[in-house]
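For reference, the chains in residue letters:
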Amino acid sequence: MFRNYSIVPKVQSVLFNTLRKRTEYTLALLKPDLCADPYAIKAVIEDIEKSEKPIRIYAHKKLYWDQQDAELFYSQHAGKFFYERLVGYMISGPFEAFVLEGDSVITRWRELIGQTHPVRAKVNPKYSLRSRFGLTDTRNSFHGSDSQENAFSEINLLFPELLLK
Ligand SMILES: Nc1ncnc2c1ncn2[C@@H]1O[C@H](COP(=O)(O)OP(=O)(O)OP(=O)(O)O)[C@@H](O)[C@H]1O
């Protein structure tokens, strides 16, 4: 006797796609210039918490990098004219690292921090954290991962204990 099993692969594929549509994670850094001011840190956390679609702070820690840590994290910029300035900036004091969780959180966090260059962010009518707090092209106060793949590799570098995949 023949049975029609064609429904099974369809159910499997729907289930697979549902399970695959997981919550996103991103790495957010509040860089040393911003972290010199505890009120600024508080204001940023308030902005995260009042976000229209929820963003959850999944993990949080304070870090203080040495030269090697900063060079490893920013290795893709090695050789660029701003690289040494960037490394010097990132080792100039303690800073805060957050793992944020939520739907489309990678894009939403990058939208909230705004353009890389604070001068450009300031002339953009849309509110952004870099327009509010950013100082210069290098001292732009924030970092956000630019893809889920990079987010996981950055999170695993800074939060190896979470074992996020
Ligand atoms: N043209 C530049 N002049 C000086 N510093 C720069 C310049 N471009 C980038 N930087 C510094 O290097 C960091 C990493 O550069 P990248 O191009 O990855 O920017 P981003 O994706 O906007 O920022 P981030 O990766 O920190 O979220 C920037 O956040 C900034 O601190």
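From a predicted model like this one, the values you see are computed outputs, not experimental measurements. (Residues numbered from 1 in each chain as written. Predicted model: local features only at pLDDT ≥ 70, side-chain atom pairs only at ≥ 80, totals over all residues. Heavy atoms only, no water.)

Chemist: Lay out the UniProt feature "active site" (unreviewed entry) in the chain with the relevant residues and their values.
Modeler: Those places that UniProt annotates as "active site" (unreviewed entry) correspond, in this numbering, to His-143. Within the element layout of this structure, His-143 appears in strand S4 (residues 142–144). Setting aside its immediate chain neighbours within four residues, His-143 contacts Leu-27, Ala-28, Leu-29, Lys-31, Phe-73, Tyr-74, Trp-109, Ile-113, Arg-130 and Glu-154. (UniProt positions renumbered as here; feature names shortened; annotations may be inferred. Helix = DSSP H or I, 4+ residues; strand = E, 2+ residues; numbered from the N terminus. Contact = heavy atoms within 4.5 Å.)

Chemist: Tell me about the layout of surface pockets, residues and numbers included.
Modeler: Of the pockets and cavities examined, the largest pocket occupies roughly 700 Å³. Lining the largest pocket are 28 residues, with Tyr-74, Gln-76, His-77, Thr-116 and His-143 positioned closest to its centre. Looking at the lining of the largest pocket, the elements that each hand over two or more residues are helix H5 (83–90), helix H6 (105–113), S4 and helix H9 (148–158). Broken down by element, the residue count for the lining of the largest pocket peaks at 4 residues, all from H9. Residues belonging to the lining of the largest pocket are distributed by class as follows: 8 nonpolar, 13 polar and 7 charged. When its volume is computed, the second largest pocket comes out at roughly 240 Å³. (1 Å grid on protein atoms, 1.4 Å probe; cavity = no way out; pocket = protein on both sides within 12 Å on 5 of 7 lines; lining within 4 Å. Points joined across faces, edges and corners; volume = space filled by probe spheres on them. Nonpolar A, V, L, I, M, F, W, Y, C, P; charged D, E, K, R; others polar.)

Chemist: Describe the side chain of Lys-31, naming the residues involved and giving the relevant values.
Modeler: If you trace the backbone, Lys-31 turns up in the loop between strand S1 (24–30) and helix H2 (32–35). Buried and without a salt bridge, Lys-31 has Asp-33 as its closest oppositely charged side chain, separated by 7.4 Å. Once you skip the residues sitting within four places of it in the chain, Lys-31 turns out to touch Tyr-74, Tyr-89, Met-90, Phe-95, Asn-140, Ser-141, Phe-142 and His-143. (Buried < 20%, exposed > 50% of the residue type's maximum accessible area, 1.4 Å probe, protein only. Lys, Arg positive; Asp, Glu negative; His and termini not counted. Salt bridge = Lys/Arg side-chain N within 4 Å of Asp/Glu carboxyl O.)

Chemist: Which residues make up the nonpolar core, and what values do they have?
Modeler: Ranked by internal contacts, the top residues of the largest apolar core, which has 44 residues, are Trp-65 and Trp-109. It is helix H3 (residues 38–49) that contributes the most residues to this core, 6 residues altogether. Other than its neighbours up to four places away in sequence, Trp-65 contacts Leu-29, Ala-70, Phe-73, Tyr-74, Met-90, Ile-91, Phe-95 and Leu-158. (Core = buried A, V, L, I, M, F, W, Y, C linked by side-chain atoms within 4.5 Å.)

Chemist: Can you break down the site of the ligand residue by residue, with the values?
Modeler: Around the ligand, the structure places 16 residues, and the nearest of them are Lys-31, Thr-116, Thr-138, Asn-140 and Gly-144. Contacts to the ligand include Thr-116, whose side-chain N or O atom sits 2.4 Å from an oxygen atom. The contact in question runs from an oxygen atom of the ligand to an N or O atom on the backbone of Thr-138, over 2.8 Å. Relative to its unbound accessible area of 580 Å², the ligand is 85% covered by the protein chains. For the ligand, the cavity whose grid points lie within 2 Å of the majority of its atoms is the largest pocket. Top element by residues in the shell around the ligand is S4. It accounts for 3 residues. Class assignment for the residues of the shell around the ligand results in 5 nonpolar, 7 polar and 4 charged. (Near = heavy atom within 4 Å. Polar contact = N/O pair within 3.5 Å; in protein donor to acceptor, adjacent residues only side chain to side chain. Areas by Shrake-Rupley, 256 points an atom, 1.4 Å probe, with all protein chains shown as cover. Sits in = over half its atoms within 2 Å of the grid points.)

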